[in-house]
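Here is how the chains run, residue by residue.
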Amino acid sequence: MASKRLRNREFFEPAIEAVRRQQLPPARSIALKQGVSTAADSASATAISAPTTMCCVRKRPLLAKELDLKDYDVFTGSSELSDITIVNDVDPSTSPPKDVTYTTSSIWAHKGEFKLDNKVMYLQHHGYRFHDVFVETDDSSVVYQRAIAHLVREQSSPTADGRNLASVIFYGQSGSGKTYTQEAIVELSLRDMFADNRPDCEWSLSCYEIYADKVADLLQERAPVQLRQDAAGLIHAVGGSEHKLPSVEAATALLAQASALRATEVSLRSSVFLSGI
């Protein structure tokens, strides 16, 4: 049996769309396509000023099985850095309005609710702020250019001293698109890493799986690895292998090898960590 939210789609879906059009600033990429400047980006569509740690969110489109269930989109991405007020009640004339002010670079969740009489419907809006937000119309190259490319450039810079370490972590529930995004980001990163053909810049790759309290080397037949911290606070993978990368093709082959081992022998709940030096 369909939920009350789905059974009342004809009411909630237009109300959510009205909030998107009338009250929420558009997502950054959409605003740029429309020629509208946003507070987050007044000049460039491909770079943002990045803090030491960034937390970004990528909104995926509805899946085929969700569309088959006649589900609808209840999330809105907005990258405008401004204070906005969302009116929670769809029809303020039938119930007292309740306002929420939120400073955005955010994802908004629109929740359909019912009054105590179980007849009057209204929306609640919850905003979650992030450093950057990518909506379903942003392809992986947009995600890479805005959130990842500067990390690769810093590592391959002539002034890099090997201490400017960077990590990218993909987090989300099963089926949310982590692997889809990760594969694209790795491919784009490899292209940039080898684009300059600098003789003084050498890249290497290690590929580990961390599952529960065990660490395995996916490029060494799942050999066990011990993680140890030195006096300077750096983490070392004792027993792990390191493979020199002469080309993009060599890196792609090693990643395929690691991915195949992970996919056939371990639970999909495990995670793969890549390290480039």
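Higher on the page you've got the structure.
Anyway, here's the lowdown on the structure attached to this text.

Topic: the state of the cysteines
Summed over the entire model, instances satisfying the criterion amount to zero disulfides. Here Cys55 is not disulfide-linked; the sulfur of Cys56 is the nearest cysteine sulfur, at 6.8 Å. The exposure class assigned to Cys56 is partly exposed, which follows from its relative accessible area of 31%.

Some words on the sheet that holds strand E6 (residues 121-129)
Ordered by their spatial adjacency, three strands build an open sheet running E2-E5-E6, and the pairing between neighbours is antiparallel. The open sheet has two edge strands, strand E2 (75-78) and E6, and neither has a second partner. If you compare each strand with its neighbour and ignore which way they point, the axes differ by 25° on average. Judged from the nine bridges that link them, strand E5 (residues 106-114) and E6 form a sheet pairing that is antiparallel. Bridging across to E6, Ser106 finds its partner in Arg129.

A look at the environment of Glu187
For Glu187, the position within the fold is in helix H6 (residues 178-193). Overall, Glu187 belongs to the partly exposed group, its relative accessible area being 42%. Along the sequence, Glu187 and Ala251 sit 64 residues apart, while their C-alpha atoms lie 9.4 Å from each other.

A few points about unusual backbone geometry
Residue Lys70 is not a glycine yet carries a positive backbone phi of 65°. Here the phi dihedral of Ala212 falls at roughly 60°; this positive angle occurs in a residue that is not glycine. Mapped onto the elements of the fold, Ala212 is located in the loop between strand E8 (203-211) and strand E9 (214-217).

About the thresholds
All residue numbers here refer to positions counted from 1 along the written sequence of the relevant chain. For this predicted model, a pLDDT threshold of at least 70 governs which residues receive local features, and a threshold of 80 or more governs which side-chain atom pairs are given and counted, while totals over whole chains, interfaces and linings are taken from all residues. By convention in this description, side-chain values take in all heavy atoms of the structure and omit both hydrogens and water. Counting rule for disulfides: a pair of cysteine sulfur atoms within 2.5 Å. In this scheme, a residue with accessible area under 20% of its type's maximum is buried, one over 50% is exposed, and one in between is partly exposed, where area comes from a 1.4 Å probe on protein chains only. Whether two strands pair comes down to DSSP finding at least two bridges between them. Each helix is a run of H or I in the DSSP string that is no shorter than four residues. Each strand is a run of E no shorter than two, and both are numbered from the N terminus. Where helices are involved, their axes are fitted lines through C-alpha atoms of the stretch in contact, as for all axes, and angles between N-to-C directions lie from 0 to 180°.

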